[in-house]
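Below are the chains, spelled out letter by letter.
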Amino acid sequence: MKKLFSTFLSVMTSAALALGASAPAVTSAEGLQETDYVTGMISFDSTDFLANFSEDAHIYGNYLDANNLEVYKAMISLVVPSTDRITVKLPEPVKISVSSTNAQTMSDEDRQLYEDAVMGACRSGVDSALFDMPEIFWLDIANMGVGTQSIPTWNRRTRKYDMTINSIIFEPAYYAEYDSMDTVEEYRQQLLDAIDSFEVKGETRYEQIKSIHDTISKFTYYDVNARFLSSPIGSLVEPGAVCEGYAEGFKLICDRIGIPCVLVVGNFDDANNEAHMWNYVKMEDGKWYAVDVTWDDRDGQYGVDVMYKYLLKGSKTMSADHFPETQFGYTQLTYPELSSEDYDPNKPQVTTTTTTSTTTTTTTTTSKTTTATTTTTSKPTTTTTTSTTSTTTTSTTTATTTTSSTTTTTTAPVVTEPTTGEPDPVEGDVNGDGKFDIADLVYCSQTVLGNIQPEHSCDADGDGIVDGYDITYIRILLLDLLNDKKI
């Protein structure tokens with residue numbers, strides 16, 4: 001079954017905007033109060049949230065325009081839960097022309113124009129904050145009030161209002177499952193405690209990631225009916241989650257120990273409003289690899305099977321059944337570049353040490369100096385040319401590079417080749433050896449008879465119960481294979 005991604009796939013419609021008295025869509029210039037504005041409320045090095053804002057990290061907030069960045073700063077303040085109204089002053093006010101200053105009486109065309117203007121100025125900031133900060137687990141943006149403070153001017157020529165949107169107003173809302181803000185705070189504390197007490201084993205980054213992957217898989221199970229299915233609460237506090245809960249819980253633990261990690265969304269199914277979420281992590285070799293804890297957790301409520309089919313994989317493996325989407329409604333997501341190859345934990349780690357010696361001479365010259373600076377964030381190259389007469393110090397540098405290889409001994413996971421769709425490698429493989437044969441029938445029979453305590457779930461027919469029907473199911477599969485002369 002395609003994994004369900006439960007939140008904010010659809011954009012907020014005008015019906016969801018807070019257009020009533022609590023947050024008017026339009027106010028006059030006199031209604032603007034500087035004290036209401038939220039600008040730079042929280043810095044990226046704040047200790048109030050867990051996200052790994054290290055030099056190595058990939059932060060979606062770094063790819064926003066000026067307006068959405070201000071919204072982002074306001075949203076990340078919600079790591080400390082609050083339903084207090086937030087007003088964000090836009091650095092670049094948005095101008096539109098509409099038939100009415102009241103969104104409720106606008107034409108459908110103008111209403112869409114207004115919604116696009118509002119969402120274009122804020123939605124990327126909201127989404128990016130939630131992707132970077134899974135600890136904002138309680139915020140229900142589908143029910144969050146959104147309105148504007150605008151200055152309308154009547155245009156006699158067009159017979160429309162030229163509206164300048166100066167600020168966007170948010171009224172945060174919590175998910176109904178939490179009942180009250182007191183309940184939100186209780187679960188926030190439980191989440192912080194769970195993150196703090198989460199035991200991560202291993203010395204290498206590979207061992208640590210595998211430890212996080214295994215612990216979450218064994219703690220929770222995939223459940224579309226769970227109370228906190230789309231939240232890290234469901235993967236770290238109360239078992240029961242879908243892919244979003246798995247991925248967010250995994251990121252929070254990686255953030256805690258300083259492993260760069262991002263959330264990735266894809267596999268969109270527009271017809272059923274479904275999608276999937278997984279993670280990218282950065283390893284010591286400087287490359288990013290994919291981890292999908294959801295599809296590696298095979299057990300359900302009745303076992304503790306853990307796979308490693310989607311642990312630290314490159315694009316060649318993941319592209320078989322994982323399709324990242326960069327366009328997420330109004331939001332454009334910029335993902336790190338995924339390694340083409342899978343991560344090899346047994347490959348020697350190469351450490352490079354450079355020794356530099358410098359010889360310096362001084363001469364007087366008249367020079368024309370051109371300095372070019374190029375960045376790697378899709379920003380234009382900047383070239384500055386200056387003419388100077390100066391005393392120039394010329395340095396001759398000799399670099400000696402020493403390369404040493406260190407072999408780290410680890411136990412590599414058993415990995416099966418990817419298939420399209422479901423993550424199960426082989427149907428009927430109940431003993432977990434990666435293949436289906438007569439040994440699986442023996443394993444299941446001994447389990448049903450109570451002669452062995454199974455390490456893997458023998459629920460071959462998927463009904464949630466291990467019984468004689470599973471033996472019959474495996475026998476049928478074996479007969480089919482025999483008839484096809486495959487065994």
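Now for a quick tour of the structure. (Residues numbered from 1 in each chain as written. Predicted model: local features only at pLDDT ≥ 70, side-chain atom pairs only at ≥ 80, totals over all residues. Heavy atoms only, no water.)

## Remarks on the sheet that holds strand E5 (residues 274-282)
Whether parallel or antiparallel, the strands of a sheet pair through hydrogen bonds between backbone atoms.
Thought 1: Judged by pairing direction, the sheet is antiparallel, and its four strands sit side by side in the order E4-E5-E6-E7 without closing on themselves. Every other strand in the sheet has two partners, leaving strand E4 (261-269) and strand E7 (311-313) as the edge strands with one partner each. Sheet twist, expressed as the mean angle between neighbouring strand axes with direction ignored, is 40°.
Thought 2: Relative to E7, strand E6 (residues 288-291) is paired through two bridges, and the arrangement is antiparallel. Its bridge partner lying in E7, Ala-290 is registered against Lys-313. (Pairing = 2+ DSSP bridges. Helix = DSSP H or I, 4+ residues; strand = E, 2+ residues; numbered from the N terminus. Axes fitted to C-alpha atoms, helices over the stretch in contact; angles between N-to-C directions.)

## Comments concerning the nonpolar core
Thought 1: Counting 75 residues, the largest nonpolar core has Phe-170, Leu-236, Phe-250, Val-281 and Leu-312 as its most contacted members.
Thought 2: Considering each element in turn, this core owes the most residues, nine residues, to helix H2 (residues 108-132).
Thought 3: Filtering out sequence-adjacent residues up to four positions away, Leu-236 remains in contact with Leu-191, Ala-194, Ile-195, Phe-198, Ile-216, Phe-219, Gly-249, Leu-252 and Ile-253.
Thought 4: Counting 21 residues, the second-largest nonpolar core is a separate cluster that includes Val-262, Val-264, Ala-275 and Tyr-310. (Core = buried A, V, L, I, M, F, W, Y, C linked by side-chain atoms within 4.5 Å. Buried < 20%, exposed > 50% of the residue type's maximum accessible area, 1.4 Å probe, protein only. Contact = heavy atoms within 4.5 Å.)

## Here's the deal with the pattern of salt bridges
Thought 1: One pass over the full model with this rule turns up 10 salt bridges.
Thought 2: With a shortest N-O distance of 3.2 Å, Asp-255 and Lys-251 are connected by a salt bridge. One end of the pair, Asp-255, and the other, Lys-251, are both in helix H6 (residues 243-257), four residues apart, so they sit about a helical turn from each other.
Thought 3: Between Glu-341 and Lys-316 there is a salt bridge, and its shortest N-O distance comes to 2.6 Å. In this pair, Glu-341 sits in the loop between strand E9 (331-332) and strand E10 (349-373) while Lys-316 sits in helix H8 (residues 315-318), placing the two residues 25 residues apart along the sequence.
Thought 4: Given a relative accessible area of 57%, Lys-316 falls into the exposed group. (Salt bridge = Lys/Arg side-chain N within 4 Å of Asp/Glu carboxyl O.)

## Some points on the packing of aromatic side chains
Thought 1: Applying the stated criterion across every chain yields a total of 13 aromatic pairs.
Thought 2: A centroid spacing of 6.2 Å and a plane angle of 25° characterise the contact between Tyr-206 and Tyr-343, whose relative ring orientation is stacked. Residue Tyr-206 is located in helix H4 (residues 205-219), and its partner Tyr-343 is located in the loop between E9 and E10; the two are separated by 137 residues in the primary sequence. Here Tyr-206 matches Tyr-343 in class, with each residue buried.
Thought 3: With a centroid separation of 5.3 Å and 75° between ring planes, the pair formed by Tyr-289 and Tyr-343 is classed as edge-to-face. One end of the pair, Tyr-289, is in strand E6; the other, Tyr-343, is in the loop between E9 and E10, and 54 residues separate them in sequence. The pair Tyr-289 / Tyr-343 is uniform in exposure class, with both members buried.
Thought 4: An aromatic cluster of three or more residues is present, and its members are Tyr-60, Phe-131, Phe-268, Tyr-280, Phe-328 and Tyr-335. (Phe/Tyr/Trp six-rings, centres within 6.5 Å; stacked < 30°, edge-to-face > 60°.)

## Some details on the pairing of strand E3 (residues 160-171)
Looking along a regular strand, one sees side chains alternate from face to face of the sheet.
Thought 1: One ladder, built from nine bridges, connects strand E1 (residues 86-98) with E3; its direction is antiparallel. Counted as the bridge partner of Val-98 is Tyr-161 from E3.
Thought 2: With 11 bridges joining them, strand E2 (residues 145-155) and E3 adopt antiparallel strand pairing. Bridge assignment links Thr-153 to a residue of E3, and that residue is Asp-162.
Thought 3: Between the end of E2 and the start of E3, which pair antiparallel, lie four residues, with Arg-159 showing a positive phi angle near 55°.

Coordinates in, geometry out; function isn't part of it.
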